[in-house]
Amino acid sequence: MIELAGIHRTFEVGGQPVRALRDVTLRIAGGEYVSIMGASGSGKSTLLNLLGCLDRPSAGSYRFGGEETAAMGELELSNLRRHRIGFVFQFFHLVPRLTAAGNVELPMVFAGVPPAERRERAAQALARVGLTPRAEHRPSQLSGGEQQRVAIARAVVMRPSLLLADEPTGNLDSASGREIVDLIEGMNAEGLTLVVVTHDPLLGVRARRQVRLADGVVVADETAGARGTASGAERGSA
Amino acid sequence: MRFADLFQFAAGGLRGHRLRTSLSVLGVGIGVASVILLTGLGEGAREYVTGEFASLGSNLLILIPGKTETRGLAPLISVAPHDLTLRDVDALRERVPGISRIAPVAFGTATVKVGERGRQVLVVGTTREMLEIRHLQMATGRFLPRDVRDAPLCVIGARVQRELFPGVNPLGQIVRVGEWRFRVIGVIAPRGVSVGMDLDEVVEIPVETALRLFNRSSLFRVLVEVRSHTALPEVERAVIDVLRERHAGQEDVTVLTQNAVLSTFNQILGVLTAALAGIAAISLGVAGLGIMNVMLVSVSERTHEIGLLRAVGATARQVVGVFLVEAVLLSTLGGCVGVLTGLGVGQVLERIYPDFPVHAPAWAILAAIVVSGSVGLLFGMLPARQAARLDPVQALVGRQT
């Protein structure tokens, strides 16, 4: 589903070029569960932003579902994010003035889904993350774990094929963190491709496939064959 | 994206900051209210002056001794080698058939005394035709008798009566004007200021008596009423011809038609209204800057939100839409507040000064709302585009680049 070939990403910081990613080549098949690990500054967030089409590579080819993203315009990339990619962030990024249901509806609002259908799908997504009784609460009235579950409902409400999670447990206590991990792993088990960026080894090793970055270079790409039975991992490394 | 959703989302953004929203609404409101009030004042002034002149009757010619090149208004420099005399008036009455009435006017101020009570008033020397031309009403008694030009008789204004004859029937009483004695034969009904002259504060006496009283040889004005409005230009020419002939071939009398005076006033007051509207527009522009400022603050505060919107698939254009609709909503709301305030204050002013109507014209109200909406559009453009130009990645971590 995802094919990165010879990806470079270079930033200018104070006039100095910083090479955040260097010659990254990576294939991720549909339904895989991949963790991207590395120290701070290793380029893992840059890689995630590229995968999510929030950013464009300086060089190299990124094909999403067989289509070259470099050839896409701003509108097509927005469309791709809207329909194919869900994001979960470390800091949740809920809109404070909207209720839980309102936040989940947000992607559908910008996609032009009619209100009645929006409400129904948002209710379903909230039910899926176990937050139906909290649907009319605002983010400030929810615990961290609940906020992250709202964010997950929002990420999957457009039924994307790829879920990108950036340190999804980084801002949560361990109990809430475990709930969140169970939730997104459950979605992966239902076929959603899951890419988790983390520097937390305990979270990272849960993925069947672990990609390690150091200084913008992929230094390891291991598939733990012992764990799980999904064939996605084999296809991915093939 | 549906427009109703865009609208709702933008309105939600404004509801999130009630104080800030109401302050910028107030800013636009004050701008719009001042546009409406000031144009209303200008329009009111125009209507007032127009109404005053209409009360003169529209078939009027005003003759002023002296001639300048200035058209439309009273001459600035009078060059009057020949007096405008009562004999000129008689000649005009005889020789210009289009004239229905003609009233000579001599002016002066004098102290009018009854016993020890004295009062400085305007003394108008004229004839009975003044009553008919100016449509004066008598409170009591009668006006100067027909064909009397020289007699010790006077008609007094309502306030002169109140001040000099408190609780006394003035008819038949004697007043002294300067050193001369006059018998009161009538009181003019209260009318107030009309065409710059307080009719309640005059004493009217026969014209020839007035000329002798003030030791003048020339009349101050001659009011000519023409039989029909269509005959006005023709009568104007005839009047000028007759007077030129009588004044040794010199055209030394200025003839004002009411139309000329009116259109001059209309022009002046139109410019005044435009100037007032311009001043008010400045405050509207300042309000626009206020909106821009508020929107810029809003963009920088909501950087995370903008990044999120982009991440969930909002296009740059949709982000522009969100912030533009917010700005237009803000300013249009201000426009409506301003229109209501302006009209309300206008009503209050009208109650306090019933003589001077504040009539904000319909076009000003409509323009105020449209302009305030456009102000939002114009001044919202920069912040909205700034929001859309944010790099989603940087915005998500709260950095503006």
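Residues numbered from 1 in each chain as written. Chains lettered and ligands numbered in written order. Predicted model: local features only at pLDDT ≥ 70, side-chain atom pairs only at ≥ 80, totals over all residues. Heavy atoms only, no water.

1. Observations concerning helix α4 (residues 115-128) of chain A
For α4 of chain A, spanning 14 residues, the distance from its first C-alpha to its last is 20 Å, which sits close to the expected 20 Å at 1.5 Å a residue. All of the buried residues along α4 of chain A are R118, R121, A122, A125 and L126 of chain A. Buried residues along α4 of chain A cover an arc of 140° about the axis, so they all sit on one side. Opposite the buried face of α4 of chain A, by more than 90 degrees, sit the exposed residues A116, R119 and E120 of chain A. Its buried side turned inward, α4 of chain A meets α3 (100-111) and α5 (144-156) of chain A together with α1 (3-15) of chain B. (Helix = DSSP H or I, 4+ residues; strand = E, 2+ residues; numbered from the N terminus. Expected span 1.5 Å × (residues − 1). Buried < 20%, exposed > 50% of the residue type's maximum accessible area, 1.4 Å probe, protein only. Arc of directions from axis to C-beta. Contact = heavy atoms within 4.5 Å.)

2. Concerning the domain arrangement of chain B
Each assigned domain of chain B is listed here: domain 1 (3-52 + 270-396) and domain 2 (81-251). For domain 1 of chain B versus domain 2 of chain B, the distance between C-alpha centres works out to 56 Å. (Domains from an automatic or database assignment.)

3. Brief notes about the nonpolar core
Ranked by internal contacts, the top residues of the largest apolar core, which has 77 residues, are L4, I36, L47, L51 and V195 of chain A together with F323 of chain B. Examining the composition of this core, we find that 11 residues originate from one element, helix α10 (residues 316-352) of chain B, more than from any other. Those residues in contact with L47 of chain A, other than ones at most four positions away along the chain, are L4, L21, V24, L26, I36 and L213 of chain A. If you look at the next biggest cluster of nonpolar residues, it comprises 46 residues, including A110, V114, L164 and V175 of chain B. (Core = buried A, V, L, I, M, F, W, Y, C linked by side-chain atoms within 4.5 Å.)

4. Brief notes about empty space enclosed by the protein
For the coordinates displayed, the defined rule picks out 3 cavities of 30 Å³ or more. Elements represented by at least two residues in the lining of the largest cavity include exactly α2 (74-84), β6 (85-88) and α5 of chain A. Considering each element in turn, the lining of the largest cavity owes the most residues, 3 residues, to β6 of chain A. There is about 60 Å³ of room inside the second largest cavity. What lines the second largest cavity is simply G13, L14, H17, R20, T21, S24, V294, M295, S298, R302, E326 and L330 of chain B. Counting residues per element, the ones that place at least two in the lining of the second largest cavity are α1, α2 (18-54), α8 (258-301) and α10 of chain B. Looking at the lining of the second largest cavity, its residues break down into 4 nonpolar, 5 polar and 3 charged. (1 Å grid on protein atoms, 1.4 Å probe; cavity = no way out; pocket = protein on both sides within 12 Å on 5 of 7 lines; lining within 4 Å. Points joined across faces, edges and corners; volume = space filled by probe spheres on them. Nonpolar A, V, L, I, M, F, W, Y, C, P; charged D, E, K, R; others polar.)

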